[in-house]
Amino acid sequence: MPVYRPPSIRPSEITPEQVYLSRRQLLGGLAGIGLASAMPRASGQSMALVEPPLSFTRNARYSTPEKANSWSDITQYNNFYEFGTDKADPAQNAGDFRTRPWTVTVDGEAELRGQFDLDSFLKPHALEERIYRLRCVEAWSMVIPWVGIPLGEVLKRFKPTSRAKFVEFTTLLDPKQMPGQRYPVLDWPYAEGLRMDEAMHPLVILAVGLYGRVLPNQNGAPLRLVVPWKYGFKSIKSIVRIRFTEMQPKTSWQQSAPQEYGFFANVNPAVDHPRWSQKRERRIGQGSLWDRQPTLPFNGYADEVASLYRGLDLARWF
Ligand code: MTE
C-alpha cells in the first residue's frame, strides 16, 4: 500500500486564513457597494484565494506518495465540454456557474429514493482527502488531492435492491448556464455509469473539494465522481442524478464513438485507442511536451481493483 506524504504545496498556493478571511470580507464589502463585479474574476492560481476551505481528514491508505500537480495545473487544464472543448475553456467560462442551490436526485432500483438538497445529501458523511492519479484517455495524467466521500457509503444509505446491477450518473442539463450544451458535441446531458461492484469499491469517491478547498467550477462543482483506475472521462462532473439500474446504462462517450470508448474504460496500456497508443502518458507540469512515462495497468491501482475483472477479456471489454 502506498505511504501517505502530504501534498507539496507551494506557499503561494495556500492562502493564510487571515488573508483569506480579509479578502472575503473585502469582497463582501465591495459587493455591498456594487464593486465586486469590477474585481477581476479569479482564475488559476489566484482562484485558491476565493474557494472556501473545507474540514477534512487525510486518508493515507488511499493516497499516492507522488507529488501533486499545482493548483493551476489542475484548475486550468480541464475537460468539461459543457464549458467548451479547449483545455482552457472551462476555467474561462465556468466562473459564473451556479452551484447553489443544488439538488441531487436518487432513483431507480433502491428502497429509498428522492430529491435531496446537496448539503443534506452530504451531511451524514465525513470529508476525506485522497491524493489520486488521474489518467485521461488523451494520454496525459495528473496527481490530484481531492476532498470527498466514499461513493459506496453514500449508495448503501439508499438500500439498493437485488435488481440494482449498475449505477448511472447524470450531469446537469442547463444550456443557459453551460454554453457547450448549445452545440451537439455530445448527446447532452453527459452521462456515465459503473457496475454495482465497481461503484461500491472503496477507492471511488464523490469529490466536493480540491487542495482542501471547495471544488472550483471547472473541476465539476459542486459534486463529481472520481474513479482513479479508469480513464478520466468516467469521472463525471456536476452530478444531479444517481440512478440504480438493472440494465447497463448508456454512457456519453460510448454513445458518441463506441469503437473508441467502451463502458469499462479501465486504464490499460495494452489496449491502444484506435487513433493513438495508451502505453505512455505525459504528466502535466513535468518535463517537456515530449517527455512520457509508462502507463500502468489500472492506472497503478491493479492490486486493489484487478480482481473485479477476473475472467473478463479486457481487450474486448475495453
Ligand atoms: N464530466 C462532464 N460532465 N463533462 C465532461 O466533458 N470530461 C471528462 C471528465 N468528466 C467531462 C466530465 C474527462 S474527458 C476528463 S479527463 C475529466 O473529467 C477531467 O477532469 P478535470 O478537468 O477535473 O481534470
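Rules and cut-offs
- Residues numbered from 1 in each chain as written.
- Predicted model: local features only at pLDDT ≥ 70, side-chain atom pairs only at ≥ 80, totals over all residues.
- Heavy atoms only, no water.
- Helix = DSSP H or I, 4+ residues; strand = E, 2+ residues; numbered from the N terminus.
- Buried < 20%, exposed > 50% of the residue type's maximum accessible area, 1.4 Å probe, protein only.
- Contact = heavy atoms within 4.5 Å.
- Areas by Shrake-Rupley, 256 points an atom, 1.4 Å probe, with all protein chains shown as cover.
- Near = heavy atom within 4 Å.
- Polar contact = N/O pair within 3.5 Å; in protein donor to acceptor, adjacent residues only side chain to side chain.
- Pairing = 2+ DSSP bridges.
- Salt bridge = Lys/Arg side-chain N within 4 Å of Asp/Glu carboxyl O.
- Core = buried A, V, L, I, M, F, W, Y, C linked by side-chain atoms within 4.5 Å.
- Phe/Tyr/Trp six-rings, centres within 6.5 Å; stacked < 30°, edge-to-face > 60°.
- Lys NZ or Arg CZ within 6 Å of the ring centre and 35° of its normal.
- Axes fitted to C-alpha atoms, helices over the stretch in contact; angles between N-to-C directions.

Undergrad: Any chance you could explain the overall build of the chain here in plain terms?
TA: Within the chain, the secondary structure is distributed over eight helices and 13 strands. Within the chain, buried positions represent 54% of all 318 residues. The long-range share in the chain, meaning contacts at least 24 apart out of those at least 6 apart in sequence, stands at 73%. Surface accessibility of the chain: about 14700 Å² in total, with carbon and sulfur atoms responsible for 55%.

Undergrad: Please clarify how the site of the ligand should be interpreted in this entry.
TA: Around the ligand sit 15 residues, and of these Asn-78, Tyr-81, Glu-82, Arg-224 and Lys-237 come closest. The separation between an oxygen atom of the ligand and a polar main-chain atom of Tyr-81 is 2.8 Å. Between the ligand and the protein, one listed contact pairs an oxygen atom with a side-chain N or O atom of Arg-224 at 2.8 Å. Computed on the free molecule, the ligand has an accessible area of 540 Å², of which 98% lies beneath the protein chains in the complex.

Undergrad: I tried to follow the pairing of strand 2 (residues 103–108) on my own but got confused; where do I start?
TA: Pairing of strand 2 with strand 3 (residues 114–117) involves four bridges; the strand directions are antiparallel. When the sheet's bridge partners are listed, Thr-103 is paired in strand 3 with Asp-117. Counted between consecutive antiparallel strands, the loop separating strand 2 from strand 3 contains five residues. Of the pairings in the sheet, the one linking strand 2 to strand 11 (residues 239–245) comprises four bridges and is parallel in character. Paired with Gly-108 across the two strands is Phe-244, which belongs to strand 11.

Undergrad: I'm lost on the side chain of Thr-170 in this one. Help?
TA: Mapped onto the fold, Thr-170 is located in strand 6 (residues 166–171). Overall, Thr-170 belongs to the buried group, its relative accessible area being 12%. Residues contacting Thr-170, with those up to four places away along its chain left out, are Pro-189, Tyr-190, Ile-236, Ser-238, Ile-239, Val-240 and Arg-241.

Undergrad: What should I look at first to understand the pairing of strand 12 (residues 280–283) in this one?
TA: Two faces make up the sheet, and in a regular strand the side chains alternate between them. With two bridges connecting them, strand 5 (residues 140–150) and strand 12 associate as parallel partners. Pairing of Trp-140 across the sheet is with Arg-282, part of strand 12. Alignment of strand 12 against strand 13 (residues 293–294), held across two bridges, turns out to be antiparallel. Opposite Arg-280, over in strand 13, you have Pro-294 as the bridge partner.

Undergrad: Looking at this structure, how should I read the environment of Thr-64?
TA: Summarising the element assignment, Thr-64 is placed in the loop between strand 1 (57–58) and helix 2 (71–76). Here the alpha-carbon distance between Thr-64 and Arg-133, two residues 69 residues apart in the chain, equals 7.4 Å. A distance of 2.8 Å separates the side chain of Thr-64 from the side chain of Glu-66, its partner in a polar contact.

Undergrad: Teacher, can you tell me more about the pattern of salt bridges here?
TA: Where charged atoms from two side chains of opposite charge approach closely, those side chains can pair. On inspection of all chains with the given rule, the structure shows 16 salt bridges. Here Arg-163 ties to Glu-109 by a salt bridge, and the two come within 3.1 Å at their closest N and O atoms. Taken together, the residues Arg-163 in the loop between helix 5 (151–157) and strand 6 and Glu-109 in the loop between strand 2 and strand 3 connect sequence positions 54 residues apart. Note that Arg-130 and Glu-128 form a salt bridge whose closest N and O atoms lie 2.8 Å from each other.

Undergrad: Got a minute to help me understand the nonpolar core in this structure?
TA: In globular proteins that are soluble, nonpolar side chains generally tend to be buried together. Membership of the largest hydrophobic core comes to 81 residues, with the highest contact counts inside it found for Phe-121, Trp-146, Leu-206, Leu-225 and Trp-229. Among the elements that take part in this core, strand 5 stands out by supplying seven residues, more than any other. Apart from the residues within four sequence positions on either side, Leu-225 is in contact with Leu-151, Phe-169, Leu-194, Val-204, Ile-205, Leu-206, Lys-234, Ser-235, Ile-236 and Ile-239.

Undergrad: Teacher, can you tell me more about the packing of aromatic side chains here?
TA: Remark: the centre distance and the inter-plane angle together describe each pair of aromatic rings, the angle taken between the planes. Enumeration over the complete set of coordinates arrives at 16 aromatic pairs. Pairing Phe-97 with Trp-102 gives two aromatic rings, centres 5.9 Å apart and planes at 80°, and the pair type is edge-to-face. Taking 5.4 Å as the distance between ring centres and 65° as the angle between the ring planes, the aromatic pair formed by Trp-253 and Tyr-261 counts as edge-to-face. Judged by relative accessible area, which is 9%, Tyr-261 ranks as buried. Site record: aromatic cluster; members linked through ring pairs are Phe-166, Phe-263, Phe-264, Phe-298 and Tyr-309. Here the basic side chain of Lys-87 rests over the ring of Tyr-77, its NZ or CZ set 5.8 Å away from the ring centre. A cation over a ring is seen here: Arg-157 above Phe-121, with NZ or CZ 5.7 Å from the ring centre.

Undergrad: Hey, could you run me through the environment of Leu-172 in this one?
TA: With respect to the helices and strands, the residue Leu-172 is situated in the loop between strand 6 and strand 7 (191–195). Dropping the residues within four chain positions of it, Leu-172 is found in contact with Phe-97, Trp-102, Gln-177, Met-178, Gln-181, Pro-189, Ser-238 and Val-240.

Undergrad: Even after reading the chapter, I still don't get the sheet that holds strand 3, so can you show me in this structure?
TA: Consider a sheet: its strands pair through backbone hydrogen bonds, and that pairing is either parallel or antiparallel. Reading across the sheet, the five strands line up as 3-2-11-6-7 and stay open at both edges, with mixed pairing between neighbours. One side of each edge strand has no neighbouring strand; the edge strands of this open sheet are strand 3 and strand 7. Strand-to-strand twist across the sheet, computed as the mean angle between neighbouring axes with direction ignored, equals 20°.

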